[in-house]
Amino acid sequence: MSIILIVGTYLNRGQEESGVLDQSSSSTLSEMDIQSDEVKEAEEKVSTAEQPSSGPGAYIGKPASLLTKKMGEPDRKDPSAYGYEWWVYKGERQYTQFGVENNTVVTAYAAGDVNVAPFEIDQPVADIFQNHDLKMEVVITKKTGTYRLELSEEDFNMRPLVSLGNIYAQLYIDKFSGTLSSVRFLTEDYLIKQRSYEMVYRGELPPEPQLSDAAWNEIEKGSERQILDLTNIIRQKHGLSILTWEEEVATVAKQHSKDMHKGQYFSHESPSAGDLGDRLQAGGVSYQLAGENIAANYVDGPAAVEGWLNSESHREALLEEEFILLGVGVYRQYYTQNFVAR
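It should be emphasised that the depicted structure is a prediction, and the values quoted were computed from it without experimental measurement. (Residues numbered from 1 in each chain as written. Predicted model: local features only at pLDDT ≥ 70, side-chain atom pairs only at ≥ 80, totals over all residues. Heavy atoms only, no water.)

**Concerning the packing of aromatic side chains**
Defined as follows: A pair of Phe, Tyr and Trp rings is counted when the ring centres sit within 6.5 Å of each other, with Trp represented by its six-membered ring. The angle between the planes then sorts it: under 30 degrees is stacked, over 60 is edge-to-face, the rest tilted. Helix and strand definitions follow DSSP, with helices as H or I runs of at least four residues and strands as E runs of at least two, each counted in order from the N terminus. A simple rule labels every residue: compare its accessible area, found with a 1.4 Å probe on the protein chains alone, to the largest value its type can have, and call it buried under 20%, exposed over 50%, or partly exposed in between. Ring-over charges, as used throughout, are those where CZ of Arg or NZ of Lys falls within 6 Å of the ring centre and within 35 degrees of the ring normal.
Taken as a whole, this structure holds nine aromatic pairs when the rule is applied. Taking the centre distance of 5.2 Å and the plane angle of 70 degrees together, the rings of tyrosine 84 and tyrosine 190 count as edge-to-face. Remark: tyrosine 190 occurs in helix H7 (residues 188-194) and tyrosine 84 occurs in the loop between strand E1 (76-79) and strand E2 (85-91); sequence separation between them is 106 residues. You'll find tyrosine 84 and tyrosine 190 in the same group, each marked buried. Ring geometry for tyrosine 147 and tyrosine 201: centres 6.4 Å apart, planes at 20 degrees, overall stacked. Placement of tyrosine 147 in strand E8 (residues 145-150) and of tyrosine 201 in strand E12 (residues 198-203) is noted, with a sequence separation of 54 residues between them. For tyrosine 201, a relative accessible area of 4% puts it in the buried group. Grouping aromatic residues by their ring pairs yields a cluster made of Tyr82, Tyr84, Trp86 and Tyr190. One cation-aromatic arrangement involves lysine 77 over tryptophan 87; the distance from NZ or CZ to the ring centre is 4.3 Å. The aromatic ring of tyrosine 331 is capped on one face by arginine 332, whose charged end is 4.5 Å from the ring centroid.

What follows is the structure, given as structure tokens:
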């Protein structure tokens, strides 16, 4: 008899809220509530932290040729929804992706046994808060306007920002272990463009990406591969076997992500296709144990995985030792991963 394990849902509320704020381009200056003294204070205060001289953060703003000179050709290149191309480097328990646009590295994400100077993977969060200047608000002044990023208490505790010279580090904290899980380095422009936090602004916002269906299809394929890679990095870190990609399971996951997007709902239960057990059966997938994680409105695959890691039921699915197969389906900013044991 088949056994079905359904885990809970997790929606990134911070990103959902920023989506609403991003539409407020007609707000007046008084409604934006950015005070001139706040901007002046942000401009005058000089951070003692500098851009790192080693690790992925050292490449931000540098030519892509330097990346290939030091690290060789990437294992693959995945498109993104933000204009840059992800150059993915994989090693034994190591994972790094560099965002390259116009032959310049503009962002990087790293997990596993990787140098993420000035931080360390698995560094206790208490050390990070003690040694780095973390704020609930970050003000960025550009020629196009002034932007204030407001971190919620959850953001501050699980996705804090650290200024490192002219770039920023977004830290993904594992709240269950109380340690650093992974790091994203990015320029000011992409911190604004990705809108990962609630943002109040005066001026102009970067335009939303206008992508064709064909472009989205390639982006989604890249996100699916990234989620598989990161899931296995996390499982290796916890002493578990890695999962093998299963195309039939991925097809079921893809259909569910697409169905949620088209139907504008967020649930394990599809109004037309039923629950996970129904969908796996319809897809011809045999199993003894199965699980599902879903997410929506994250900026990309790595962000979704970190969200799952900090949700107890989703974490249990990620770290279930009996699972051997994984299928991932991404459609726009809807993410589904289906786990199977046979």
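**A word on unusual backbone geometry**
Here the amide bond leading from alanine 117 into proline 118 is cis, since omega sits at 10 degrees, within 30 degrees of zero. Looking at the element boundaries, proline 118 is found in the loop between strand E5 (115-116) and strand E6 (119-120). With a phi angle near 55 degrees, arginine 195 is a residue other than glycine that sits in the positive phi range. Residue placement: arginine 195 occurs in the loop between H7 and E12. Overall, arginine 195 belongs to the buried group, its relative accessible area being 6%.

**Considering the pattern of salt bridges**
To keep it simple, the criterion reads: Whenever a carboxyl oxygen of Asp or Glu lies within 4 Å of a side-chain nitrogen of Lys or Arg, that contact is scored as a salt bridge.
A complete count under the given rule lists 19 salt bridges for this structure. Two residues, aspartate 133 and lysine 135, come together in a salt bridge whose shortest N-O distance is 2.3 Å. With its nearest N and O atoms 2.9 Å apart, the salt bridge here joins glutamate 208 to arginine 195. Here the residue glutamate 208 occupies a position in the loop between E12 and helix H8 (213-237), and arginine 195 occupies one in the loop between H7 and E12, the gap between them amounting to 13 residues.

**Looking at the sheet that holds strand E14 (residues 289-296)**
Put simply, the test is: Here the rule is simple: two strands pair whenever DSSP picks up at least two bridges between them. Any two residues having at least one pair of non-hydrogen atoms within 4.5 Å are treated as being in contact. For helices, the fitted axis covers only the stretch in contact; all axes are lines through C-alpha atoms, and the angles between them, taken along N-to-C directions, range from 0 to 180 degrees.
Pairing in this open sheet of four strands is mixed, and the strands run E13-E15-E16-E14 from one edge to the other. Strand pairing shows two members of the sheet lacking a second neighbour, strand E13 (244-245) and E14, which therefore form its edges. Bridge count between strand E15 (residues 325-331) and strand E16 (residues 334-341): seven bridges; the pairing is antiparallel. Note that in E16 the partner of glycine 327 across the bridge is asparagine 338. Sheet contacts for helix H9 (residues 247-263): E13, E14, E15 and E16; angle to E15, the most-contacted strand, approximately 30 degrees.

These values are about where atoms sit, not about what they do.
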